[in-house]
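The chain contents come next:
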Amino acid sequence: MTKIIKINPEKIDMELLEEAAHVIKHGGLVAFPTETVYGLGADSFNEDAVRNIFKAKGRPSDNPLISHIADLGDIERFAREIPDCAVKLAEEFWGGPLTMVLKKRKGIPDSVTAGLDTVAVRLPSHSVANALIRLSGTAIAAPSANLSGSPSPTTAGHCIADLDGRVDMIIDGGDSMIGIESTVVDCTTEVPTILRPGMISAEDMREIIGEVNFSGEVKGAPKCPGMKYKHYSPNAEVYIFNSTKSIEEDENSCVIMKNSEGAGFSNIKVYDAGKTDTEYAARLFYFLRKADEDGFSKVYAQMPENSGIGIALINRLMKSAAGRVLD
Ligand code: TXA
Ligand code: MG
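Report on the accompanying structure. Think of each chain on its own: its residues are numbered from 1, step by step along the sequence as written. Chain labels run from A onward and ligand labels from 1 onward, assigned in the order the entries are written. It should be noted that, the model being predicted, local features are given only for residues of pLDDT at least 70 and side-chain atom pairs only at 80 or more, the latter also being counted only at that level, while totals for whole chains, interfaces and linings use all residues. Hydrogens and water molecules were not included; the side-chain quantities draw on all heavy atoms of the structure.

**Points about unusual backbone geometry**
Trans peptide bonds make up most of the peptide bonds, and negative phi angles are found at most residues other than glycine. Omega for the peptide link from W94 to G95 comes to -15°, which places this bond in the cis form. Helix and strand labels come from DSSP, where a helix needs a run of H or I of at least four residues and a strand needs a run of E of at least two; each type is numbered from the N terminus. The topology assignment puts G95 in the loop between α3 (84-93) and β5 (98-103). With phi around 45°, N259 is a residue other than glycine that occupies positive phi space. Following the sequence through the fold, N259 ends up in the loop between β12 (253-257) and β13 (269-272). Assessed through its relative accessible area of 44%, N259 is described here as partly exposed. Residue A322 is not a glycine yet carries a positive backbone phi of 45°. Locating A322 in the fold gives a position in the loop between α9 (309-320) and β15 (325-326). Using a 1.4 Å probe on the protein chains alone, a residue whose accessible area is under 20% of its type maximum counts as buried, one over 50% counts as exposed, and one in between counts as partly exposed.

Set out below in structure tokens:
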């Protein structure tokens, strides 16, 4: 049985949230809101609990998890070495949508790191996430709270759709603000390297620490193990379009685009993605799931700008669309 509780992020009911912390402390699984997407959490230091995350999600065991902390100092429980650039990035961007990969300390369960010599750590900004971590008195290992392969959840409803009956508790804390997952940066390389783009861009980081590598594509053996799997896929086939001229209107298809008013469609459902790529990011996963719920078999999604958060959006969309791009 999955218990669902509702917590207002602006006025947290600590007594109710204590129930969720109790579940974490006793080795259970709790889906909880963060500013990026919902996470499926367990005690980072409880090997069995962490293994259960993989079972609940159907996640391949060679894909490591991010450990979420609530205090900067807790980074030392995970990292055996903290390079200067990591300190600077943490000071600038934590709490927030940035995950750092660091050399791991002994004693961190192999299930968290998939046996790698490195560990991923993030300090979120979401009030409910932070309060849950503090009340649990540990760090919380959490991937996105979706079934493996499907779009990341940005509402409690998405978590319920994927995980009801498979986890102990789901905390409904409203919609995730950012809508796509954190930027993952590897701080173990000479020059820090972006493994997964997110809202915090390479330019944002370069302003703080100078050089940052980002190839746009993971070449060869992926260092971010998760990036090699099928991802973010609704049941419908997704196509990325550059020009609306490429769209064939029919009742089985739908369009996701910014500023859709005045685009001149007559025979196709349009989901409006707002005015900017920031708004598009907040809605993309929501609309990919909505397209399935509404029974569409084809989704035309607009190509974002190739800058800022648009780069992260393109990265997710290319996976949803298995690389299908129209003019
Ligand atoms: O915004 C987010 O990051 C969300 C929320 C819940 O915090 N979490 C999330 O987790 O997106 P997940 O598991 O869906 O994605 C984590 C990514 C995966 O691609 C994984 O391979 C990578 O981080 N990762 C984790 N540990 C790593 C490590 N030691 N080295 C390289 N990549 C790592
Ligand atoms: Mg995920």
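**Examining the pattern of salt bridges**
When the charged atoms of two side chains with opposite charge come close together, those side chains can pair. By convention in these notes, a salt bridge is any Lys or Arg side-chain nitrogen within 4 Å of a carboxyl oxygen on Asp or Glu. Taken as a whole and judged by the stated rule, the model has 16 salt bridges. In this structure, D117 engages R80 in a salt bridge whose closest nitrogen and oxygen atoms are separated by 3.1 Å. Of this pair, D117 sits in the loop between α4 (110-113) and β6 (118-122) while R80 is found in the loop between β4 (66-68) and α3, placing the two residues 37 residues apart along the sequence. On the basis of relative accessible area, D117 is assigned to the partly exposed category, the value being 46%.

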